[in-house]
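Each chain, written out:
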Amino acid sequence: MSCPVNTYSLDNSSTTCTPCPEKGAYCAGGTRLYPLAGWWHSTPFSTQFHRCPTPDACLPGGAAACAEGHEGNLCMSCSKGYAASFASSKCGRCNSRGKIIATYLGAVIVLVLLVLLSLHFALRENVATDNHSSRSSQFCKLLIRHAQYLLIVGSLKVSWPDSMQAAFTLVNWVFSLGGPQVASLDCLLAAAKPLAMPLAIKRVLINLFAPLGVGLVVVLLWLLMFNAFVWCGKPLSYHADFSNLRSVLPVCALVCLSFFLPWLVRIGLGFFACISIDKPNSQYAISNAKHGYFASSIEQACYTGWHRKYALSLGVITFLMFCVGVPVGLWVLLYRNRSKVDAPTPSRLSFLYRAYRPQQYYYEVVVTLQIVAGMAISVFSLSLGSFYALLLLNTAFVLFGSMELLLKPYVCPIVQRMSLMSCACLYFTTQMSLTIFPTGSVSAPDMYMDIAGVLGMLVNLAFVLACLACMVSHNPAANRIWARVLACFGLQRKGKGAKPMLNQPAAPLPAQLEQRTGPREAPRSTTPWVPHTVAAAAPTV
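Residues numbered from 1 in each chain as written. Predicted model: local features only at pLDDT ≥ 70, side-chain atom pairs only at ≥ 80, totals over all residues. Heavy atoms only, no water.

Engineer: Help me understand the overall build of the protein chain in this model?
Structural biologist: From N to C terminus, the protein chain includes 16 helices and 12 strands. Every one of the 541 residues in the protein chain was classed for burial, and the buried ones make up 46%. When the accessible area of the protein chain is evaluated, it comes to approximately 28900 Å², of which 64% is carbon and sulfur surface. (Helix = DSSP H or I, 4+ residues; strand = E, 2+ residues; numbered from the N terminus. Buried < 20%, exposed > 50% of the residue type's maximum accessible area, 1.4 Å probe, protein only. Areas by Shrake-Rupley, 256 points an atom, 1.4 Å probe, with all protein chains shown as cover.)

And the structure:
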């Protein structure tokens, strides 16, 4: 039977035609069904149409028709010689090996310097006798945490404006050793023939050993810096307390763990992120694995073959270590040292709780659980859908900010306000992303997307600059350098000049001015007035 347009029939013996599926399909009549742009189905006769996570990757008019460089289920896999970018998730041609190595070498240098700076601030905070000199470390941690949340938001498969894509790509370049979607890394690993294992597992192993390698490099550079200051006769402020490597290694391990925690959590959760495509046992549909498909390698059915072997071994171990073990171990460590919170002398773990009030000494555990929750939303965003993942992140940032308003965990009001500002900027970013998300056949105009992208970039840039300004203003070394710069130009910092002492005799007026105003009165005595009766009654010693 011949069916008209917008209907179809897959049964030649049937005398009726079935209406075309409402979403993502076009029926030209007869037995063929075609996907619209941005949609995908597994076979020409499958009636199950799925929206592609990367809409530009799925072409209209054919079953499993993908754009150049894309292939596989939902067009999520990259062809040989291609790799997915971070913000857009589009597959592009791999660069030459020289460019890839140069890019990663620059990223490694920046990453090592950031971890080294965090370690220096943490060690200095451990021996600081006042809260003012330890705030640089607190602002540094706020800045790193904000960047981690930006990477969580940027990892969602959303059609970001160009300005936001550039911002996410820049932040990912700094954290690229731990990032989950690194185009250049995939290109290098695909050419590593001696490692006979899936590309997804190679990426996992790189992300597992990268923090260890960075930590070793940071320790070596710290030793060089520490000894260089000693040789110059200007030892660091923590020279007496951290003069040997044994005392520095635990602090360095905790700093590296907090720096790379989001990506280690992603590894632990990523083994269990599976995407269901076609319904199981469905007619004419072939992408119908019972447990779905592995999100990091969309062609591999979950809990079969090599995925079952790695998920039940490496996946379970990393999940227990990073998603469960790190928050529990951190809470035990803080609980055992809770008596040192109010101690007059700082301890070697002061950088973990010094920023918080004594009643909220445990708040670093809360921050860790927030990172785990945000990364869980990012990992399972393909199963949830990008729109609902954005909505959950938007709600999470509101809850994080409300919790800080309620508990007020930070000792310093400036740090408290900056933390709330971070939550507000992240909420604004996710809210603007929700407004540009396409709903059905309606999408935001290009001008609005450009405006939303620029606003989102400017808001986050303003927070970064404000955080850097606070970090520098609370750094004694930076203050001394700034004072010297101003002194070279004959200037003086406002509010830092010498104040006149009380009860100090005034300087004599010039002769010309004294002739106009008359002689100046003698300064009044500051001796308190005592009644005569009291003075007479006072005994003579």
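Additional details are given in the paragraphs that follow.
Engineer: Can you walk me through the environment of Phe 226 in this structure?
Structural biologist: Within the element layout of this structure, Phe 226 appears in helix H5 (residues 199-231). Relative accessible area serves as the criterion here: at 5%, Phe 226 is assigned to the buried category. C-alpha separation for the pair Phe 226 and Phe 242, spaced 16 residues apart in sequence, amounts to 9.7 Å.

Engineer: Where do I start with unusual backbone geometry in this structure?
Structural biologist: Peptide bonds are, in most cases, trans, and in most cases residues other than glycine have a negative phi. Even without a glycine there, the phi angle at Cys 75 is positive, about 55 degrees. The phi torsion at Tyr 303 lies on the positive side, around 60 degrees, for a residue other than glycine. Relative to the helices and strands, Tyr 303 resides in the loop between strand S12 (293-294) and helix H7 (306-336). Relative accessible area serves as the criterion here: at 29%, Tyr 303 is assigned to the partly exposed category.

Engineer: Please explain H7 as it appears in this structure.
Structural biologist: An α-helical turn contains 3.6 residues, so any two residues separated by three or four positions project in the same direction. Its 31 residues place the ends of H7 42 Å apart at the C-alpha level, agreeing with the 45 Å of an ideal helix rising 1.5 Å per residue. Along H7, the largest kink reaches about 50 degrees and is centred on Gly 325; proline Pro 327 follows within four residues of it. (Expected span 1.5 Å × (residues − 1). Bend = angle between axes of the 7 residues up to and from the residue.)

Engineer: I'm lost on the packing of helix H2 (residues 135-154) against helix H9 (residues 363-379) in this one. Help?
Structural biologist: Two measures define how a pair of helices packs: the angle their axes make with one another and the distance between the axes. Orientation of H2 relative to H9, taken along the N-to-C sense of each, is 20 degrees, at an axis distance of 9 Å. When the axes of H2 and H9 are compared, the pair comes out roughly parallel. In this structure, the crossing between H2 and H9 has a hand that is left-handed. Contacts between H2 and H9 involve Lys 141, Arg 145, Gln 148, Tyr 149 and Ile 152 from the first element and Glu 364, Val 367, Gln 370, Ile 371, Gly 374, Met 375 and Ser 378 from the second. Split into classes, the residues belonging to the contact of H2 with H9 amount to five nonpolar, four polar and three charged. (Axes fitted to C-alpha atoms, helices over the stretch in contact; angles between N-to-C directions. Parallel < 35°, antiparallel > 145°, perpendicular 65-115°, else oblique. Left-handed = near helix turned anticlockwise from the far one by under 90°. Contact = heavy atoms within 4.5 Å. Nonpolar A, V, L, I, M, F, W, Y, C, P; charged D, E, K, R; others polar.)

Engineer: Would you take a moment to explain the pattern of salt bridges for this structure?
Structural biologist: Side chains carrying opposite charge are able to pair once their charged atoms draw close together. The final tally for this structure, using the stated rule, is three salt bridges. The shortest N-O distance in the salt bridge between Asp 56 and Lys 90 comes to 2.9 Å. Within this pair, whereas Asp 56 is found in the loop between strand S6 (50-51) and strand S7 (70-71), its partner Lys 90 is found in the loop between strand S9 (82-84) and strand S10 (91-93), the two being separated by 34 residues in sequence. You can call Asp 56 exposed: its relative accessible area is 51%. A residue is classified by how much of its surface remains accessible, and Lys 90, at 39% relative accessible area, is partly exposed. Where Arg 145 meets Glu 404, a salt bridge forms, and the shortest distance between an N and an O atom there is 4.0 Å. (Salt bridge = Lys/Arg side-chain N within 4 Å of Asp/Glu carboxyl O.)

Engineer: Sorry if this is basic, but what is going on with the packing of aromatic side chains here?
Structural biologist: Pairs of aromatic rings are described using the distance from one ring centre to the other and the angle between the two planes. Scanning all chains against the criterion turns up 16 aromatic pairs. The interplanar angle of 15 degrees and the centroid separation of 5.0 Å between the aromatic rings of Trp 331 and Tyr 335 together place this pair among those described as stacked. Here Trp 331 pairs with Tyr 335, and both are found in helix H7, just four residues apart, close to one helical turn. Judged by relative accessible area, Trp 331 falls into the partly exposed class, the value being 41%. Residue Tyr 335 is classed as partly exposed on the basis of its relative accessible area of 35%. Between the aromatic rings of Tyr 356 and Tyr 363, the centroid separation amounts to 5.5 Å while the plane-to-plane angle is 55 degrees, which identifies the pairing as tilted. Overall, Tyr 356 belongs to the buried group, its relative accessible area being 5%. Take Tyr 363: its relative accessible area is 0%, and that puts it in the buried class. An aromatic cluster is built from Phe 271, Phe 294, Trp 306 and Tyr 310, whose rings are joined through pairwise contacts. Looking at Arg 338, its charged tip hangs above the ring of Tyr 335, at a distance of 3.9 Å from the centre. (Phe/Tyr/Trp six-rings, centres within 6.5 Å; stacked < 30°, edge-to-face > 60°. Lys NZ or Arg CZ within 6 Å of the ring centre and 35° of its normal.)

Engineer: I keep staring at the state of the cysteines and nothing clicks. Help me out?
Structural biologist: One covalent bond between the sulfur atoms of two cysteine residues makes up a disulfide. According to the stated counting rule, one finds six disulfides in the structure shown. The disulfide bridge from Cys 78 ends at Cys 91, spanning 2.0 Å between sulfur atoms. Across the S-S bond linking Cys 78 and Cys 91, the dihedral sits near -80 degrees, which makes this disulfide left-handed. Note that Cys 78 is positioned in strand S8 (residues 77-78) and Cys 91 in strand S10, a separation of 13 residues in sequence. What makes Cys 91 buried here is its relative accessible area of 10%. One disulfide bridge connects Cys 274 with Cys 302, the sulfur atoms lying 2.0 Å from each other. Measuring handedness by torsion sign, the sulfur bridge of Cys 274 and Cys 302 sits at about -110 degrees and is left-handed. Highlighted residues: Cys 274 in strand S11 (residues 274-275) and Cys 302 in the loop between S12 and H7, separated in sequence by 28 residues. Comparing Cys 274 with Cys 302 shows no difference in burial state: the two are buried. (Disulfide = S-S within 2.5 Å.)

Honestly, that's just the spatial picture; any functional story needs more than this.
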